Amino acid sequence: MLKKSGYILLPFSILYGGIIRLRNQLFDKKFFRSASFDLPVICIGNLSVGGTGKSPMVEYLIEILRENYHVATLSRGYKRKTKGFFIANENTQTSDIGDEPMQFYRKFSDITVAVDEDRVMGIPKILNDRPATEIIILDDAFQHRQVTAGLNILLTEYHNLYSKDFMLPAGDLRDVKQSSERADIIIVTKCDPDLDENERQKIIIELNPKPSQKLFFTAIEYNTPYHLFNKEKFNLDKETEVLLVSGIANPKTLENEIESKVRFYKTLRFKDHHIFDTIDLKKIKDEFLGLKSTKKIILTTEKDATRLLAFENGLKDLPIFILPMAHRFLFEDKNYFKKNILEFVSSTKN
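We now turn to the structure provided with this report. All figures in this text were calculated on a predicted structure; none of them were measured in a lab.

1. Describing the packing of helix α2 (residues 54–65) against helix α4 (residues 99–107)
Then comes step 1: Between α2 and α4, the least distance of the axes is 11 Å, while the angle of their chain directions is 30°. Accordingly, the angle class assigned to the pair α2 and α4 is roughly parallel. As α2 packs across α4, the resulting crossing turns out to be right-handed. In this structure, α2 contributes S55, V58 and E59 to the contact, and α4 contributes E100, Q103, F104 and K107.
Then comes step 2: Per-class residue counts for the contact of α2 with α4 are 2 nonpolar, 2 polar and 3 charged.

2. Details of the sheet that holds strand β3 (residues 86–87)
Then comes step 1: Pairing within the open sheet is mixed, and its 9 strands lie in the order β3-β4-β2-β5-β1-β6-β7-β8-β14. Pairing within the sheet leaves two strands with one partner each, and these edge strands are β3 and β14 (325–329).
Then comes step 2: Against the sheet, helix α5 (residues 119–129) touches β2 (71–75), β3, β4 (112–115) and β5 (135–139), its axis set at about 150° to β2.

3. Focus: the sheet that holds strand β10 (residues 241–246)
Then comes step 1: The strand order across the open sheet built from 5 strands is β9-β13-β12-β10-β11, with neighbouring strands paired in mixed fashion. Two strands in the sheet have a free side with no partner beyond their single neighbour: β9 (226–227) and β11 (264–269).
Then comes step 2: Strands in contact with helix α7 (residues 252–261) are β10, β11 and β12 (296–300); relative to β11, the strand with the most contacts, it is inclined by about 160°.
Then comes step 3: Docked against the sheet, helix α8 (residues 278–289) engages β10, β11 and β12, running at close to 140° with respect to β12.

4. Topic: the pairing of β10
Two faces make up the sheet, and in a regular strand the side chains alternate between them.
Then comes step 1: Of all 6 residues in β10, 6 are buried, a share of seventy percent or more.
Then comes step 2: The alternating pattern of β10 places E241, L243 and V245 on one face and V242, L244 and S246 on the opposite face, and all of these are buried.
Then comes step 3: Judged from the 6 bridges that link them, β10 and β11 form a sheet pairing that is parallel. Bridging from a neighbouring strand, V242 pairs with Y265 of β11.
Then comes step 4: Between the parallel pair β10 and β11, the chain is carried across by α7, and the sense of this crossover is right-handed.
Then comes step 5: Judged from the 5 bridges that link them, β10 and β12 form a sheet pairing that is parallel. Paired with V245 across the two strands is T300, which belongs to β12.

5. Quick word on the environment of P319
Then comes step 1: Among the secondary structure elements, P319 is positioned in the loop between α10 (312–315) and β13 (320–322).
Then comes step 2: Expressed as a C-alpha distance, the spacing of P319 and L2, which sit 317 residues apart in the sequence, is 39 Å.
Then comes step 3: Residues contacting P319, with those up to four places away along its chain left out, are H227, F288, K296, I297 and I298.

6. Observations regarding the environment of F104
Then comes step 1: Position of F104 relative to the elements: it lies in helix α4.
Then comes step 2: Residue classification places F104 among the buried residues on the basis of a relative accessible area of 0%.
Then comes step 3: Sequence separation between F104 and K303 is 199 residues, and the spatial gap between their C-alpha atoms is 9.4 Å.
Then comes step 4: Each residue touching F104, except ones within four places of it in the same chain, is listed here: S55, V58, E59, T73, S75, V113 and D139.

7. Some remarks on the packing of aromatic side chains
Then comes step 1: According to the stated counting rule, one finds 10 aromatic pairs in the structure shown.
Then comes step 2: Seen in terms of ring centroids, F270 and F276 are 5.2 Å apart; in terms of plane orientation they differ by 80°. Their pairing is edge-to-face.
Then comes step 3: Classification of F276 as buried rests on a relative accessible area of 7%.
Then comes step 4: Clustering of aromatic rings is evident, with ring pairs tying together Y60, F216, F329, Y336 and F337.
Then comes step 5: Against the face of F166 rests K177, its NZ or CZ located 5.9 Å from the ring centre.
Then comes step 6: Taking NZ or CZ as reference, R182 lies 4.3 Å from the ring centre of F142, over its face.

8. Focus: α2
Then comes step 1: In a regular helix each residue adds 1.5 Å, so 12 residues correspond to 16 Å; α2 covers 17 Å between its end C-alpha atoms and thus fits that length.
Then comes step 2: Most of α2 sits inside the fold, with 11 of its 12 residues counted as buried.
Then comes step 3: Of the positions making up α2, those classed as buried are K54, S55, P56, M57, V58, E59, Y60, L61, I62, I64 and L65.

9. Some words on α5
Then comes step 1: Among all positions in α5, only R119, G122, I123 and I126 are buried. Buried residues of α5 fall within an arc of 100° about the axis and therefore sit on the same side.
Then comes step 2: Taking the backbone nitrogen of V120 as reference, a side-chain oxygen 3.1 Å away marks D118 as the first, capping residue of α5.

10. Some points on the side chain of E134
Then comes step 1: Counting through the fold element by element, E134 comes out in the loop between α5 and β5.
Then comes step 2: In terms of polar contacts, E134 uses its side chain to reach the backbone amide nitrogen of H70, at 2.8 Å.
Then comes step 3: Excluding anything up to four places from it in sequence, E134 contacts L39, P40, N68, Y69, H70 and K349.

11. Concerning the pattern of salt bridges
Then comes step 1: Evaluation of the coordinates by the stated rule reveals 22 salt bridges.
Then comes step 2: Notably, a salt bridge pairs R66 with E63, separated by 3.9 Å at the nearest N-O pair.
Then comes step 3: With a closest N to O distance of 3.1 Å, D110 and R66 form a salt bridge. Of the two residues, D110 sits in the loop between α4 and β4 while R66 sits in the loop between α2 and β2, which places them 44 residues apart along the sequence.
Then comes step 4: Classification of R66 by relative accessible area gives partly exposed; the value is 30%.
Then comes step 5: Several salt bridges share partner residues, and in doing so they unite E59, K107 and E302 into one network.

Criteria and thresholds
Residues numbered from 1 in each chain as written. Predicted model: local features only at pLDDT ≥ 70, side-chain atom pairs only at ≥ 80, totals over all residues. Heavy atoms only, no water. Axes fitted to C-alpha atoms, helices over the stretch in contact; angles between N-to-C directions. Helix = DSSP H or I, 4+ residues; strand = E, 2+ residues; numbered from the N terminus. Parallel < 35°, antiparallel > 145°, perpendicular 65-115°, else oblique. Left-handed = near helix turned anticlockwise from the far one by under 90°. Contact = heavy atoms within 4.5 Å. Nonpolar A, V, L, I, M, F, W, Y, C, P; charged D, E, K, R; others polar. Pairing = 2+ DSSP bridges. Buried < 20%, exposed > 50% of the residue type's maximum accessible area, 1.4 Å probe, protein only. Right-handed = clockwise from strand over helix to strand, strands pointing away. Phe/Tyr/Trp six-rings, centres within 6.5 Å; stacked < 30°, edge-to-face > 60°. Lys NZ or Arg CZ within 6 Å of the ring centre and 35° of its normal. Expected span 1.5 Å × (residues − 1). Arc of directions from axis to C-beta. Polar contact = N/O pair within 3.5 Å; in protein donor to acceptor, adjacent residues only side chain to side chain. Salt bridge = Lys/Arg side-chain N within 4 Å of Asp/Glu carboxyl O.

Remember that the coordinates give geometry; whether it matters functionally is a separate question.
Structure, rendered in structure tokens:
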């Protein structure tokens, strides 16, 4: 999708695309080395910047695998204050590992959640510190080719397919469209829940996957909100007014969901991975108090919640709730997707 003023930026996009193509060719021709590891490594990523649902897909894989395998996730740890390798523990703060890894750890404390800017070094460190590890999931690593994953899962958003997008800065692509050929599985995310077969076929033709690539479609599924601190649940209804606090790449799907469920909502939008401060906290409180209804709440995402936890003293008296989300596979493909994942793990371990 071409951004506003995109035509002016196209020369820069062409230059950036040329650099990325050259880099990929150097990897393809083995001038740049890519490390492989003797255990199942699954890579989740996209070609664009943010907003395709990578974190919920990592969580979906964890749910599939954690019952039978020792699972580890490895992320870069975007905007954390630490450097190098770090494994989450009961004393870890969001600032130590970043918001998305903290989200994984809060939901799945029984798995290994690690961060390292250098994934080639991070994987051996996980295996050294947690030798029982059987599977590693690389979060947001499709474009980082220093590691050769055994299974590459590429996400693309229904309303902004990579096939119709442009390279940065004119568009949202950070990798060239041809890189999609490296994916084993392509998932079109954030689809209309009522997507029909005719539209599905149009997208298949548009993306034109290779015969070896498997293509899936998912919609976002929102569950019951729960309180940031005491986990109490809250059902949204047409009598509720909501202040939505959102610091994610693309909140439009979230806003549409809330609009369909409540009487009125207002959004406080922050940049993706925004680090909240006391000024933001005051703004949140003021905006919330400005809502007229007696039945009103603050609603935020799971990712934003990890960054708001630091303000428990200032927020604990407010009705602030988290709206959890997950992927729902369309066209009855849930079991087929799970079968593909388990078969990959089984074949790699053997």
